[in-house]
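Single-letter residue listing:
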Amino acid sequence: MIPLAGDRRDAVGIVQEGDSVRGTTRVKRGFAHMLKGGVVMDVTNAEQARIAEEAGAVSVMVLDKLPSDVRKAGGVARTAGVGTIREIMESVTIPVMAKCRIGHVYEAQVLAETDVDMIDESEVLTPADEARHIWKWDFITPFVNGARSLPEALRRIEEGAAMIRTKGEPGTGNVAEAITHIKKLNDGLRLARAVYDSKDRQEMMRMAREYRVSFDIIEETARLGRLPVVNFAAGGIATPADAAYLMSLGCDGIFVGSGIFKSEDAANRARAVVLATTFWDQPNRVREAQEMIDERMSMPGLDAASMELRMQERGAAS
Amino acid sequence: MQGDVEENLGAARQALSEMSVSGEVIQVKTPSAVSAVDAIIIPGGESTTIGRLSMAGDTLAALRERLNSGMPALGICAGLILLSSQVYDRRMGSTGQPLLGVLDVRLERNSFGRQRQSFETDIDMEPLGITGFRGVFIRAPSVTAVSPEVEVLASVDGRIVAVRRGGIVGTSFHPELSGNAALHRNLVDAARR
């Protein structure tokens, strides 16, 4: 079981009102729990949001442009317009997330005041601060962050992220990077678990120093043998089979960015990716899902290795 | 299907072990799995998603039949919505989502607001003999009307958040996030009767 304790006593984001309390770690991480086994879809307008909801998405993520268009457009990519986000919030009953720039505390505050259900501090947008992410304990609204490895994930959780998504390379339609990173994260977790089982506390301390995180979070993660928060896969997912494969690697769910609304069969593909994510352990159901899409209508992919802009590297060093 | 499945499997195992009852806890995704169990937990998650997925595999029909013939159940948040006979969204009105209709109650979705309004508080469920239960409410629904055969178990700020009819219990809050398996023990009890 994923622990839901560990509130920071000094967090500004915890609000006591009479007998009830908001913004606790349990309430924030609990929100991410409700998304488990589901698909979060990137959308840019209310029509796409309704298609996503109709297809069975657990949530939608609002952007001004889909990641592949962010890549094409160049320049500075910022948080989506408040008007667009509001319109989408009024069009669907499922939770609505939106992205802010890495380290941009005030874009995050704007999103929190807009009342989005979760904020994604995302490398798809142009980072506002390369050295510091947002101190997320100060928010009642939960955050999700990207990570390519165990150390990166744990640093984000220590800053208050209530959920992690393993980074792929956004806007490419190429799932290779997402697969590499979830495997790297799993390797890190296996190592941590092995060190825990060996009761080598000094080695855990060495890991904490190398990873630039506290001993406590290393120990907790090592004991659990998994991240202490919900972990979704993201970046480059284009087909039902992509989604099912990532689920089989131990992800709790899937983020799909450009893969759906940059294809030419968006509504079918959205339903198919949801089915494959739920029934990933039943190969015949994944085949049925894969049959619902037309490969000739998939978004044209990009080879992540030869790209100039590698969004995944943004914020990774801090 | 989707949602807080793993945590409910854990809480159900915890309940069995606390009661020293031997039993198996399995995940139910198919109609054949529905016929294999003595009691069922419908966990929290996204109710629209769960409804659509259940329809996809005829699991909803199999489940309705078992529940109508008296199988005990614990429906949590989205699970309570699925058990209910009527649902509407606080802002958007009718939702048109598939329902089981085995608990004759009317539900308001997202009754307490969006995620920023999600909260935890202590709940007393006197008819079940459970008090001081930590209720975790995540974009929770509330019950706005009940038929005479449905018993109200608990309310928060005048909103009904837990109900029961026979062996079927529904809660707006998430017992699997509380670390307290009392409601899961109650389900095991109902299954043994």
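Below: a short report on this structure. Bear in mind that the values here come from a model prediction, so they are computed numbers and not experimental data.

Now for the packing of aromatic side chains. Residue and element names in this part refer to chain A. Counted by the stated rule, this structure contains seven aromatic pairs over all chains. Between Phe 139 and Phe 143, the ring centres sit 5.0 Å apart and the planes meet at 75°, which makes this aromatic pair edge-to-face. A relative accessible area of 1% places Phe 143 in the buried class. Ring centres 5.6 Å apart and planes at 65° place the aromatic pair Phe 232 and Phe 255 in the edge-to-face group. Here Phe 232 is found in strand E9 (residues 230–233), whereas its partner Phe 255 is found in strand E10 (residues 253–256), with 23 residues between them in sequence. Neither Phe 232 nor Phe 255 differs from the other in exposure class; each is buried.

Okay, the sheet that holds strand E2 (residues 20–22) of chain A next. If you trace the four strands from one edge of the open sheet to the other, you get E1(A)-E2(A)-E6(B)-E7(B), paired in antiparallel fashion. For this open sheet the edge positions go to strand E1 (15–17) of chain A together with strand E7 (130–137) of chain B, each flanked by a neighbour on one side alone. Within the sheet, the average angular offset between the axes of one strand and its neighbour, ignoring direction, is 25°. Across six bridges, the pairing between strand E6 (residues 119–125) of chain B and E7(B) is antiparallel. Directly across from Thr121(B), in E7(B), lies its bridge partner Gly135(B).

Under the definition given, this model contains four cavities of 30 Å³ or more. What lines the largest cavity is a set of 22 residues, and nearest its centre among them are Asp42(A), Pro170(A), Ala234(A), Gly235(A) and Gly257(A). Residue composition of the lining of the largest cavity, by class: eight nonpolar, nine polar and five charged. When its volume is computed, the second largest cavity comes out at roughly 160 Å³. Taken together, 16 residues line the second largest cavity, and the ones lying closest to its centre are Gly45(B), Glu46(B), Cys77(B), Ile138(B) and Arg139(B).

Definitions and limits used
Residues numbered from 1 in each chain as written. Chains lettered and ligands numbered in written order. Predicted model: local features only at pLDDT ≥ 70, side-chain atom pairs only at ≥ 80, totals over all residues. Heavy atoms only, no water. Phe/Tyr/Trp six-rings, centres within 6.5 Å; stacked < 30°, edge-to-face > 60°. Buried < 20%, exposed > 50% of the residue type's maximum accessible area, 1.4 Å probe, protein only. Helix = DSSP H or I, 4+ residues; strand = E, 2+ residues; numbered from the N terminus. Pairing = 2+ DSSP bridges. Axes fitted to C-alpha atoms, helices over the stretch in contact; angles between N-to-C directions. 1 Å grid on protein atoms, 1.4 Å probe; cavity = no way out; pocket = protein on both sides within 12 Å on 5 of 7 lines; lining within 4 Å. Points joined across faces, edges and corners; volume = space filled by probe spheres on them. Nonpolar A, V, L, I, M, F, W, Y, C, P; charged D, E, K, R; others polar.

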